[in-house]
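# Report on the structure
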Amino acid sequence: MELRIFSVMGEALHFGGRRLETIARVAWLPLALSMIAAMAVVFAMLSVIAGKLITFSEVPSFVGAKRLAVQNMATGFQNDPAAMWTLVAASFAAQTLLTASFMAPLIRYAGLGEKPAPGFIRAPFGPDQLRYVVSSIFGLFFVGVLVFGPLAAASFYTLKYVAEALAQTLASFPDPNSLHTIEVSKASDAIAAAGRGWIYNRAIPLSGAAPAALLFWALLFFHFAPHNRPRAPAIGRTLLRALTTFVVAALLMFAVSTSVVEVVFKFLGVETPLDSFQRGTGFLGVLSSIGSQFTRFDFNGVVEALEFFTRSPQGRLIFFVCAVFFVVNYFSLRLFPYPGVAVCHKSLAFGNTLAITRGWNILRLWVIIIALTLLLSFIQVAVLNQFLLSYVLPRILVLLMSATEVSTKLVNSGEAAGWVRPFFIWVWNLTKISINIVWSFFSFGVAAGLYGRLYREGEKAR
């Protein structure tokens, strides 16, 4: 079973456009309630921050209220952390339950052709919605508890005990003829004097991040085993596969880690410790250096980055976070089709969830998700809000308003009617709101269509 990228993307987009009327009927009320809940949470947070009730009379703009809440959120958590965390949890629960109320029936519609129940005012929550919620968060629960819980505990206690062992003092007797001449030193100093400082400076610091990096390599190694690739030879070349997956894992983690270093230090407003990467951002800087000096590139930037990641506490933390990021994303991709399988099967059993992303299909699914996300984001940001709503429609509405004012002057003794401008202001605001709401309906439909198609792909794999 092979995921066909353009076929899957086309069906998801087709479902979002072809079933837009049904999507709007099912999703409009939960979406409206979700907006009301988000607004209530913002003003509740402002009230906690200010220590008094804040309403639209004090802050007439919701955008302004949201900006104030974000700017002063730290103050709210400092003054009343219990109330702020309660509001965050309530907001997350409300958004999750309301989203599940329309996503579950839409997924069944896309996967099984089962049309949602009739009715215009509906926000149901039943077994299907509960399965959608559980299956959506189960991946994070699985990764956090079953994978990184033992890994974090093992790394913590290992580093703790190794540090304690190296910090303990050792007594040596430099004069063999006198037991009263005692020199007290640390084990780390003795190791450095013996020429084994790399154990203390590199091996031990890397022991915290290395397990996560090796786990990512092992996941790639076993994921691309011959039995997971339909047209692969029966007897796989184990050594070549191990070397290839190791190189790919190392390049990915190196590229992301160096890019994160650039972004983090730029955000903090301090000079990046990777001087050789100044001409570009992270890994891209190395690639540009290779491209411009291919015959005399001395890999100074690579060596400098490796020194930073092995010896600097900040570098080791960034490398560990990036390694964990890749492992989490691997499991997230493997479990991405699970909501569609759980909702359509009416069961939380995994079924053929993992079969959908077997072998090269995991890369195809990644391409599908990234391509759909970029396409939808580009249309919403650039085409709708920047081009249509900021350039085309304003000019059309200004022309219509001017023509309407001129026509009212003809019948009103040369004076424009007072209702014209307020009317067109309301039309303009409602137009902007309506276009974005309709686009959100289409986006929800695309997601449901993708889940439905992945469910059917899993049934083919059976």
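This text gives an overview of the structure that appears in the document. Not measured: the values here are computed from a predicted model. (Residues numbered from 1 in each chain as written. Predicted model: local features only at pLDDT ≥ 70, side-chain atom pairs only at ≥ 80, totals over all residues. Heavy atoms only, no water.)

## Looking at the pattern of salt bridges
Evaluation of the coordinates by the stated rule reveals 9 salt bridges. Close ionic contact of Arg131 with Asp128 constitutes a salt bridge, the shortest N to O distance being 2.8 Å. Taken together, the residues span about one helical turn, with Arg131 and Asp128 both in helix α6 (residues 127-167) at a distance of 3 residues. Take Arg131 and Asp128: they sit in the same class, and that class is buried. Between Glu457 and Lys460 there is a salt bridge whose closest N-O contact spans 3.7 Å. Here the residue Glu457 and the residue Lys460 both occupy positions in helix α16 (residues 420-461), the gap between them amounting to 3 residues, near one helical turn. Exposure remark for Lys460: the relative accessible area of 56% places this residue in the exposed category. (Salt bridge = Lys/Arg side-chain N within 4 Å of Asp/Glu carboxyl O. Helix = DSSP H or I, 4+ residues; strand = E, 2+ residues; numbered from the N terminus. Buried < 20%, exposed > 50% of the residue type's maximum accessible area, 1.4 Å probe, protein only.)

## Remarks on the packing of helix α1 (residues 5-18) against helix α15 (residues 361-410)
Orientation of α1 relative to α15, taken along the N-to-C sense of each, is 40°, at an axis distance of 10 Å. Classified by the interaxial angle, the pair formed by α1 and α15 is oblique. Crossing of α1 over α15 shows right-handed handedness. Contact residues: Ile5, Val8, Met9, Ala12 and Leu13 in α1; Arg364, Val367, Ile368, Ala371, Leu372, Leu375 and Leu376 in α15. Tallied by class, residues from the contact of α1 with α15 come to 11 nonpolar, no polar and 1 charged. (Axes fitted to C-alpha atoms, helices over the stretch in contact; angles between N-to-C directions. Parallel < 35°, antiparallel > 145°, perpendicular 65-115°, else oblique. Left-handed = near helix turned anticlockwise from the far one by under 90°. Contact = heavy atoms within 4.5 Å. Nonpolar A, V, L, I, M, F, W, Y, C, P; charged D, E, K, R; others polar.)

## Digging into the side chain of Gln129
Checked against the element boundaries, Gln129 lands in helix α6. Within the local environment of Gln129, its side chain forms a polar contact with the backbone oxygen of Ser101, the two atoms lying 3.4 Å apart. Every residue in contact with Gln129, bar those within four places of it in the chain, is listed here: Ala100, Ser101, Ala104, Pro105 and Pro124. (Polar contact = N/O pair within 3.5 Å; in protein donor to acceptor, adjacent residues only side chain to side chain.)

## With respect to helix α5 (residues 81-112)
End to end, α5 covers 45 Å across 32 residues, agreeing with the expected 46 Å (1.5 Å per residue, within 8%). Of all the bends in α5, the greatest measures close to 30° and is centred on Ala100. (Expected span 1.5 Å × (residues − 1). Bend = angle between axes of the 7 residues up to and from the residue.)

## Regarding a nonpolar patch on the surface
Taken together, the side chains of Leu243, Phe246, Val247 and Leu251 present a nonpolar region at the surface, about 360 Å² in accessible area. Tracing the chain through its elements places Leu251 in helix α9 (residues 238-268). Overall, the relative accessible area of 46% leaves Leu251 in the partly exposed class. (Patch = residues over 30% accessible without salt bridge, like charges linked within 9 Å, V, L, I, M, F, W, Y side chains within 5 Å. Areas by Shrake-Rupley, 256 points an atom, 1.4 Å probe, with all protein chains shown as cover.)

## Considerations on unusual backbone geometry
What is expected of a backbone is that most residues other than glycine have negative phi and most peptide bonds are trans. One non-glycine residue with positive phi stands out, namely Lys346, at about 55°. Mapped onto the secondary structure, Lys346 falls in the loop between α13 (338-345) and α14 (353-356). We classify Lys346 as partly exposed; its relative accessible area is 42%.

## Observations concerning the environment of Thr404
Within the element layout of this structure, Thr404 appears in helix α15. Spatially, the C-alpha atom of Thr404 lies 9.9 Å from that of Phe424, the residues being 20 residues apart in sequence. Excluding residues that lie within four positions of it along the chain, Thr404 makes contacts with Trp419, Val420 and Phe424.

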